[in-house]
Amino acid sequence: MRTYIFLLFAFLVGMGTAFSQNKQNANAFAFKLNQPIDLDGELDEEIWLDPEGWNTDFMQYFPSDTSLSVVNTQVKIAFDDNNLYIAAIMENNGPREYVSTSLRRDYRGQQNDGITFVFDTFNDKTNAFQFGVNPYGVQREGLLANGGIRSEDLSLAWDNKWYAEAKIYDTHWQVEAVIPLSTIRFKDGTQNWNVNFYRIDSHTGERSTWSPIPRNLSIISTAFNRKLIFEEPLRKNSANISLIPYMAGKTSKNYLENTSEKFSPSFGGDAKVGIGPAMNLDLTFNPDFSQVEVDQQVTNLDRFEIFFPERRQFFLENADLFDSFGSRQSRPFFSRRIGVDIDSATGQNVQSKIIYGARLSGKINEDWRLGVMNMQTATDEEAGISGKNFSVVALQKKIFTRSNIGVIFVDRESLALNEYESIFNPNEYNRLLGVDYNLNSADGKWTGKAFYHRTFESKETEKPYSFNAYILFNDIHWAWSLSYRDVGEDFNPEVGYVPRSNYKRFNPDIAYLFYPNSNLINRHGPKVEYEGLWNETIGTTDRDINLSYNVQFNSFSTITLTQKNRYVYLFQDFDPTRTGGEKLPAGTDYKTKTLQLEYNSNPRNLFLIKLEAETGQYYTGDFQRVVSEMGLRIGNKANISMNFNYARIRLPEPQNDADLVLVGPRIDLTFTKKLFWTTFIQYNNQIDNLNINTRLQWRFAPVSDFFLVYTDNYFPDSFTPKQRSLVFKLNYWLNL
């Protein structure tokens, strides 16, 4: 096995130098202006009326990638000492309606009409800024990481000030945008960036890109970006300092404990300070995250903790620098651990107040990135919670064309409750040190990762490490991957996410895609996946062999059929229904077979549906499971959806049968581009709870909001209240 691990690691590193030559393509040019553009959506300035300098000839990405786009698109760029200016003309084949799922900023989805501009300002073809506009002038901005390998590499949580106007005409729609240079990090004196533009057209169902991208890769891939040449070197002429103060108030009542919190105001804020050309210092004092939407609940039939992504704004800018370490099932750092602690009396998770936070992150130069974070939580003596100090240092070095190697250090210290001790309790710390290598070939066909992480605690530990090596190949027809993971018995990253330890995992898969000459089906093909887990004490603990077939239609709808074969060994007693019934004993094992169907309808339709149905054996019995999301879009003003999750479990005595139901209607109203109202209801009989969360948001100024949030929890059978709260928050973004 050691020989296999070494060969896989060597292969990962060796592939970093392969495919390093990209085809040279035409460049884009940015023209220097002597006076600013009047932003009104009318392209009547001299620079836009000049027929020279427009970037045209967009290539199809979907449904094909071998021909020019059937609808023409033109983009032109200019700049002055303070701003970047963009004009875009999106032609049509005649008058038509446009699809915008809502008027809320940061729209996402392939059903939306829109034009997107991607700027890789440090020419690393790995990280980039993204700005988008739809025909109704709705904006979105985001940060691209990891080369845009997956859709998850685009984070639209990043907010900043920039401006755009759109106009709709019979034969086309057009955009005029102004992006302050202080909004973007770039090297002072640079004269070129990497750039790409892509368009989604709902009428033809076409997606097209200015620099061609193979359709088997993600449309956000940065591997194929071309050059944007500036007529003169760009200069940093203004400081980038923003203050974001807030005022908030909250009142709440806990009916279970018969306690209440009287209305009390609070104050705090964030600051963003540009350090040099590409570093950003984020500061927060007494942060308040009450405006963050609640997590969408799920029915948990697994034996392990469920992962919920970070939603709090402070942690999201340059989040990839901290979060890209490790893998989904072995994360050395997970920011949601900050601000959450365990009540010593009840053993339940409770919020712990964050006093302050500071984070320095960004580019040192074209090859080096640095992230440093420190946060402090408060002591709550009544709950027996000691304050915690969290420190994270991440350093990343670009190697080869698009690959990198990084080091991460995570330290969690606990404040001493005894005043006679030192500041930190010497027996209550948790530290981690790790190194990651990320492979990303120049042509995007090869990606991979290898890492080794180790935790350190005051007690003696055995095998406190996590190792992983992974390689993926993806071309137009074939896609295969190979992964090996080894998580030691005492690996314990308390500021990370590891649902289980003490196992080894081997996971290969292979898939093939056919591209028929069809007006109905765009691509289809089979996939075979194997996953095996074992440890030295028990032997094999889990084994999955899945056979699936996927069909993607030209309408964007998809259907997948999967036959699953699973083996599970229980190393702990486990209740398969999680309802408090008789547990299956540790040391028993089970083989099951199930059949699963997944369907996603055309997202451009006014009515859409996502459906996942599974039936077959479940431990000692059988189950049927249906997970669905149905949505109705009423123009761009309202989105009404219903999440429904039902699991029917039948087990022989003495285990419990169960009918697990989770229902979650959601109403999202966007009255204007500045006023939004979202109501989210969740009924979950597995935890015997009915949750209501309603949030009103008014964006009264750029990146400045007023939030009013009401949350209520009930017992579903009697509607007896458990806990309710009312919160308001007002924040204002001030550029200095």
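Residues numbered from 1 in each chain as written. Predicted model: local features only at pLDDT ≥ 70, side-chain atom pairs only at ≥ 80, totals over all residues. Heavy atoms only, no water.

Quick look at the overall build of the chain now. In terms of regular secondary structure, the chain is built from three helices and 40 strands. Taking 27 Å as the expected radius of gyration for a compact globule of 736 residues, we find that the chain reaches 27 Å, a close match to that expectation. Taking the principal axes of its C-alpha atoms as reference, the chain extends roughly 80 × 60 × 55 Å. Looking at the chain residue by residue over its 736 residues, the buried ones come to 53%. Look at the contacts in the chain between residues 6 or more apart in sequence, and 59% of them connect residues 24 or more apart. For the chain, the centre of its 76 positive side-chain charges and the centre of its 88 negative side-chain charges are spaced 2 Å apart. (Helix = DSSP H or I, 4+ residues; strand = E, 2+ residues; numbered from the N terminus. Rg over C-alpha atoms; globule rule 2.2 N^0.38 Å. Buried < 20%, exposed > 50% of the residue type's maximum accessible area, 1.4 Å probe, protein only. Contact = heavy atoms within 4.5 Å. Lys, Arg positive; Asp, Glu negative; His and termini not counted. Charge placed at Lys NZ, Arg CZ, Asp CG, Glu CD.)

Okay, the nonpolar core next. Leu84, Phe117, Phe119, Phe131, Val175, Trp193 and Leu228 are the most contacted members of the largest nonpolar core, which has 36 residues in total. Excluding residues within four positions of it along the chain, Trp193 makes contact with Leu84, Phe119, Asp120, Thr121, Asn123, Ile184, Phe186, Arg226, Lys227, Leu228, Phe230 and Leu234. (Core = buried A, V, L, I, M, F, W, Y, C linked by side-chain atoms within 4.5 Å.)

In this section: unusual backbone geometry. Only a minority of non-glycine residues have a phi that is not negative, and only a minority of peptide bonds are not trans. At the junction of Phe62 and Pro63, the peptide bond is cis and its omega measures out at 10° in the coordinates. Residue placement: Pro63 occurs in the loop between strand S2 (59–62) and strand S3 (73–79). Of note, the amide linkage connecting Glu653 to Pro654 takes the cis form, showing an omega dihedral of 10°. Along the polypeptide, Pro654 turns up in the loop between strand S34 (638–650) and strand S35 (658–670). In this model, Asn123 sits at a positive phi of 55°, which is unusual for a non-glycine residue. For Asn123, the location among the structural elements is in the loop between strand S5 (114–120) and strand S6 (128–133). By relative accessible area, which is 17% here, Asn123 ends up buried. For Asn502, which is not glycine, the phi torsion reads 60° and is therefore positive.

Another aspect to go through is a nonpolar patch on the surface. On the surface, a nonpolar cluster with roughly 900 Å² of combined accessible area is contributed by Ile364, Trp368, Val372, Val393, Leu395, Ile405, Val407, Phe409, Leu433, Val435, Tyr452 and Phe456. Of all elements in the fold, only strand S20 (368–377), strand S21 (388–399), strand S22 (403–415), strand S23 (424–440) and strand S24 (446–457) reach the threshold of two or more residues within the nonpolar patch. The leading source of residues in the nonpolar patch is S22, at three residues. Looking at where Ile405 falls in the secondary structure, it is placed in strand S22. (Patch = residues over 30% accessible without salt bridge, like charges linked within 9 Å, V, L, I, M, F, W, Y side chains within 5 Å. Areas by Shrake-Rupley, 256 points an atom, 1.4 Å probe, with all protein chains shown as cover. Salt bridge = Lys/Arg side-chain N within 4 Å of Asp/Glu carboxyl O.)

Turning next to the pattern of salt bridges. If the charged atoms of two oppositely charged side chains come close together, the side chains can form a pair. Within the structure shown, the criterion is met by 30 salt bridges. The salt bridge partner of Lys363 is Asp124, with a shortest N-O separation of 2.6 Å. Of this pair, Lys363 sits in strand S19 (residues 354–363) while Asp124 sits in the loop between S5 and S6; the two residues are 239 residues apart in sequence, bridging distant segments of the chain. Across the pair, Asp124 and Lys363 agree in class, each one buried. Between Arg500 and Asp542 there is a salt bridge; the shortest N-O distance is 3.1 Å. Here Asp542 lies in strand S29 (residues 539–553) and Arg500 lies in the loop between strand S26 (478–487) and strand S27 (503–512), a separation of 42 residues in the sequence. Linked through salt bridges whose partners overlap, the residues forming this network are Arg96, Asp113, Arg199 and Asp201.

A few words on the side chain of Asp575. Here Asp575 lies in the loop between strand S30 (558–569) and strand S31 (589–600). Engagement of the side chain of Asp575 in a polar contact is seen with the backbone nitrogen of Gly580, the distance being 2.9 Å. Polar side-chain contacts of Asp575 include one of 3.2 Å to the backbone nitrogen of Gly581. In contact with Asp575, other than residues within four places in its own chain, are Gly580, Gly581, Glu582 and Lys583. (Polar contact = N/O pair within 3.5 Å; in protein donor to acceptor, adjacent residues only side chain to side chain.)

All chains considered together, the criterion is met by 32 aromatic pairs. Both rings, one in Tyr512 and one in Phe514, keep their centres 4.9 Å apart while their planes meet at 70°; by these two values the pair is edge-to-face. Its relative accessible area of 22% is what places Tyr512 among the partly exposed residues. Judged by its relative accessible area of 37%, Phe514 falls in the partly exposed class. Measuring from centroid to centroid gives 4.8 Å for Tyr618 and Tyr619, while their planes differ by 90°, and the two rings are edge-to-face. When sorted by exposure, Tyr618 lands in the same class as Tyr619, which is buried. One cation-aromatic arrangement involves Lys76 over Phe31; the distance from NZ or CZ to the ring centre is 5.6 Å. One Lys or Arg, Arg604, reaches over the ring of Phe556 and ends 5.0 Å from the middle of that ring. (Phe/Tyr/Trp six-rings, centres within 6.5 Å; stacked < 30°, edge-to-face > 60°. Lys NZ or Arg CZ within 6 Å of the ring centre and 35° of its normal.)

This brings us to the pairing of strand S14 (residues 241–254). Strand residues, when the strand is regular, have side chains that alternate between the two faces of the sheet. Here S14 pairs with strand S15 (residues 259–275) via 13 bridges, running antiparallel. Bridging across to S15, Pro245 finds its partner in Gly269. Following S14, the chain reverses through four residues before pairing antiparallel with S15; Asn258 in that reversal takes a positive phi of roughly 55°. As judged from the two bridges shared by S14 and strand S40 (residues 734–735), these two strands associate in the antiparallel manner. (Pairing = 2+ DSSP bridges.)

This part covers the confidence of the model for the chain. Low-pLDDT stretches of the model should not have their predicted coordinates read in fine detail. Model confidence for the chain is summarised by a mean pLDDT of 88, while 90% of its residues fall at 70 or above. Segment residues 1–24: pLDDT under 50, and 43 contacts once partners within four positions in sequence are set aside and those in other chains are kept. The model gives residues 297–301 a pLDDT under 50, and that stretch makes 26 contacts with residues more than four places away or in other chains. (pLDDT = per-residue confidence, 0-100.)

Right, let's get into the environment of Asn440. Its place among the elements puts Asn440 in strand S23. Separated by 248 residues in sequence, Asn440 and Asp688 place their C-alpha atoms 46 Å apart. Those residues in contact with Asn440 that lie beyond four places of it in its chain are Asn146, Gly147, Ile149, Arg402, Ser403, Trp446 and Thr447. Within the local environment of Asn440, its side chain forms a polar contact with the side chain of Arg402, the two groups lying 3.0 Å apart.

With that settled, the discussion passes to the side chain of Asn636. As for its placement among the helices and strands, Asn636 is situated in the loop between strand S33 (621–634) and S34. We classify Asn636 as buried; its relative accessible area is 13%. Apart from residues lying up to four places away in sequence, Asn636 is in contact with Ser100, Thr101, Ser102, Leu103, Tyr136 and Thr670.

Topologically, Ala166 is positioned in strand S9 (residues 163–168). Remark: the alpha-carbon pair of Ala166 and Phe671, spanning 505 residues in sequence, is separated by 18 Å. Leave out the neighbours within four places in its chain, and Ala166 touches Val133, Asn134, Pro135, Gly137, Gln174 and Val175.

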